[in-house]
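Coordinate inspection notes
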Amino acid sequence: MNKFDVSIFRKHFPLLDKKVNNRPLVYFDNGATTQKPAVVIATEVEVYEKFNANVHRASHTLSAKATSAFEDARIEVQRFIKAKHLDEVIWTSGTTAGINLIAQSWGHENLQPGDEILLSHAEHHANIVPWQMIAEKKGAIIKVLPLTSSGVIDENLLDNYFNVKTKIVSFSHISNVIGKVNPIKRIISLAKKYKAITVVDGAQACAHLSLNMESLDCDFYVFSAHKMFGPTGVGVLYGRRELLEAMPPYQGGGEMIKSVSFNGTTFDKLPFKFEAGTPNYAGVIAFAASIKFINSFGLVKLAEYEQQLTKYCYEKLTQIKLVEFVAEGKPDIGVISFTVRGSHNHDIASGLDANGIALRSGHHCAMPLMEYLKLTGCIRVSLAAYNTFSEVDFFIEKLKLLIQSTDENPDNIIFTEKVTGQVSHSDNEMEMIERFNQLKGWDSRHREIMLLGKTLDRMDKNLCNNTSLIQGCESNAWLYGSKNPQGEFFFRCDSDAKVIRGLMVIILAAFQNMTSQQILMFDNHAYFDELGLTQHLSPSRNNGVKAIVEKIRMLATQV
Ligand code: PMP
C-alpha cells in the first residue's frame, strides 16, 4: 500500500476547504464527530435517489435492493470488528443507544438487589446515566474504579473492587478526555474470573484502533458511525451470541417479531430481535461506505499518521508554560486535553473559534471526571487523519497569542469605557449597537466582547452564591438584581469566563435601569440580531445568553 498522503486524504472531505468566521476551517473536534467524505454523503443521497424503500418488508425490487445493501453493511461491520458471527452485530442509533439497550435488557433481566456495577471515573455520561437508571430500579450498587496519574483505570487497584457481587464492568476502551487505552485485557480477564459481564464503550477507539472482538473476548462492545467518518444516527452493538440470545428484547414493534397475536407474540431471531421499527437504513448503508473508505487507505496507515501528528501537537503544547495537561504523559490517540493557567477554557475556545479553529471546551460530557480531576472544565484538541502539521502550527501560534492577550495588561484594552453605569437603558443599548455595527467580521466582534468582559466590575464574592447562580450557563455565572423606588432594576453580574462577562455587559447595556414591564417586553433576539452576534455565537454561548436573560426575567417578576 502507498505511503499515506494527507493532502490526498483531505481532498475527500468537502467541508474541510470551507471558511469559518472568514478563516480556513481548522477542525480539531473529531472526538465529538468527524467530518464526512464525499463518498459517504453521496452514498446516503444515492439510497434516497435510487433505491429508497423500507428494508425487510416488501417483496418488491426496490425493497430487495435496499435490504441487500443494508445486510451487506452488517457483513462489512462484522469484518471490521472481526466478530465471530454475523448476528452478533446489532444496529443501534449510536453508542448511547447500545449501552441503554444492554442496561435495560441484560441489566433488567439479571441484576438483583445488592449486585455491583463497576464503572470508572473517566466515563462519558453515556456510560454512567443508563447504569444509574437501571441500578436504581433494581437496587444495584455502582462502584467507581480509580485512575492512575496518567488517567487510565488503575490496574493495581482492580482486585479491591471485584468480588462475587460484581455483575457488570462497563468502561471506555479510550476515554474521550484522556485519550489513552485502558488496561482492557486485564479488566476482561478479572471480570471473567468473577463471572461478571464486560461492556466496552468503543466510541473513541473505533476510528483509531484495529478491533478484534474474538481476541478481545469482551461480552459487549458499542460504538458510533459518526466518529469514523460515517453518518450520525447509526451505531453498533456487538454482543456475544449466547448472551444476546438469552436477553429479552429492549423495544417492541415491527421488524423484531416472528408472529403477533392478542394471544401472545413471538420474537424474531438475532439480530432482528433487537432492531424494532424502521432502521436508519440509508445511514447504515452510508456507514458501510465509510468503512470501505477507511479500508481503502488502511486504518493502520491512518493511525500511524495520527500518531505522528499527536506527538507533534503534544510536544508543541508542552512548550507553552501556562498549559497544564489533565493527565500525565502523551495520549495514545489524538485526544489531548489541557487547561491554560489563568484563562477560562471557554475564553480560549471562543478566541480560537474566531480564528476558524474548532475545538471543544467544557466538561466533555464527563462531569464526574472533571470533579475527580478537580477541574471546572478543560480544552480538548481531537485530531483525525485529515488534520495537518501546518494546522497544528497555526493553532499553537493562535493559542500563544490568545494567552498573551488574556493577561491583565491595560494596553490591551482598547475599549475602556464602562457601560454599566446609571444612564438610560436605551442610550446604552443604542451605543452598543452602534459600536458593534462599526466592527467587521466575527474576529473583531469577538475581540470586542472579550474587551467588554474586562470592563465589568467584579461582583462581591459573597453575592456569588446559589441564589445568584445562573442555571443553564456552562460557565460559572451569577446575577444579582435590585429595584429602586421608581421600580427600575439594577443588575450586577459576574462569571469566571471572560466571554460570558463580555456578553453580560452587552445584555446589561439593554436591561439596566428597565422596569419589570420593560424587561418582560424586551426583544433580546432582535437586539442580538442588530448587534450582528446571533449567527456567530456557538450553541453553548447562545444557551449562556438565554440563561442570563431568563434569570433577569425571573428576577423582574420576583424582586
Ligand atoms: N462514549 C464516549 C467515550 C464518547 O466519546 C461518546 C461521544 N462523545 C459517547 C460515548 C456517546 O456517543 P454517541 O453520542 O454517538 O451515542
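Anyway, here's the lowdown on the structure attached to this text. (Residues numbered from 1 in each chain as written. Predicted model: local features only at pLDDT ≥ 70, side-chain atom pairs only at ≥ 80, totals over all residues. Heavy atoms only, no water.)

Counting 103 residues, the largest nonpolar core has Phe9, Ile81, Tyr221, Phe287, Leu317, Phe395 and Leu399 as its most contacted members. Residue contributions to this core peak at 10 residues, all from helix α9 (residues 281–297). Residues within four places of Phe395 in sequence aside, it is in contact with Phe28, Cys313, Leu317, Phe338, Leu352, Ile357, Leu359 and Val381. (Core = buried A, V, L, I, M, F, W, Y, C linked by side-chain atoms within 4.5 Å. Buried < 20%, exposed > 50% of the residue type's maximum accessible area, 1.4 Å probe, protein only. Helix = DSSP H or I, 4+ residues; strand = E, 2+ residues; numbered from the N terminus. Contact = heavy atoms within 4.5 Å.)

As a further point, take the pairing of strand β5 (residues 116–120). Within β5, five of the five residues are buried, leaving the element largely enclosed by the surrounding structure. Burial along β5 is two-sided: Glu116, Leu118 and Ser120 and Ile117 and Leu119, pointing in opposite directions, are all buried. Note that β5 and strand β6 (residues 141–145) share five bridges and pair parallel. Each bridged residue has a counterpart across the sheet, and for Leu119 the counterpart in β6 is Val144. With respect to chirality, the unit in which β5 leads through helix α5 (residues 129–138) into the neighbouring parallel β6 is right-handed. Where β5 and strand β7 (residues 166–172) come together, three bridges link them in parallel fashion. Note that in β7 the partner of Glu116 across the bridge is Thr166. (Pairing = 2+ DSSP bridges. Right-handed = clockwise from strand over helix to strand, strands pointing away.)

The next point concerns the site of the ligand. As a structural note, the neighbourhood of the ligand is formed by Gly94, Thr95, Thr96, His124, Ala126, Asn176, Asp201, Ala203, Gln204, Ser224, His226 and Lys227. The separation between an oxygen atom of the ligand and a polar main-chain atom of Thr95 is 3.4 Å. Separating a nitrogen atom of the ligand from a side-chain N or O atom of Asp201 is a distance of 2.5 Å. For the ligand, whose accessible area on its own is 400 Å², the fraction buried by protein is 85%. The residue makeup of the shell around the ligand, split by class, is two nonpolar, eight polar and two charged. (Near = heavy atom within 4 Å. Polar contact = N/O pair within 3.5 Å; in protein donor to acceptor, adjacent residues only side chain to side chain. Areas by Shrake-Rupley, 256 points an atom, 1.4 Å probe, with all protein chains shown as cover. Nonpolar A, V, L, I, M, F, W, Y, C, P; charged D, E, K, R; others polar.)

Let us look at the packing of helix α16 (residues 498–511) against helix α18 (residues 524–531). Following both chains from N to C, one finds α16 and α18 inclined at 120°, their axes separated by 11 Å at the closest point. Considered as vectors, α16 and α18 are oriented oblique to each other. Considering only the axes of α16 and α18, their crossing is right-handed. Contacts from Leu503, Ile506, Ile507, Ala509 and Ala510 of α16 reach α18 at Tyr527, Phe528 and Leu531. Among the residues forming the contact of α16 with α18, the class breakdown is eight nonpolar, no polar and no charged. (Axes fitted to C-alpha atoms, helices over the stretch in contact; angles between N-to-C directions. Parallel < 35°, antiparallel > 145°, perpendicular 65-115°, else oblique. Left-handed = near helix turned anticlockwise from the far one by under 90°.)

Its location among the elements puts His108 in helix α4 (residues 95–110). Residue His108 is classed as partly exposed on the basis of its relative accessible area, which comes to 37%. Sequence separation of His108 and Ile134 is 26 residues, and the distance between their C-alpha atoms is 6.8 Å. Apart from residues lying up to four places away in sequence, His108 is in contact with Ala103, Ile134, Lys137 and Lys138.

Its 20 residues place the ends of helix α19 (residues 539–558) 28 Å apart at the C-alpha level, agreeing with the 28 Å of an ideal helix rising 1.5 Å per residue. Along α19, the residues classified as buried are Arg541, Gly544, Val545, Ala547, Ile548, Val549, Lys551, Ile552, Leu555 and Ala556. (Expected span 1.5 Å × (residues − 1).)

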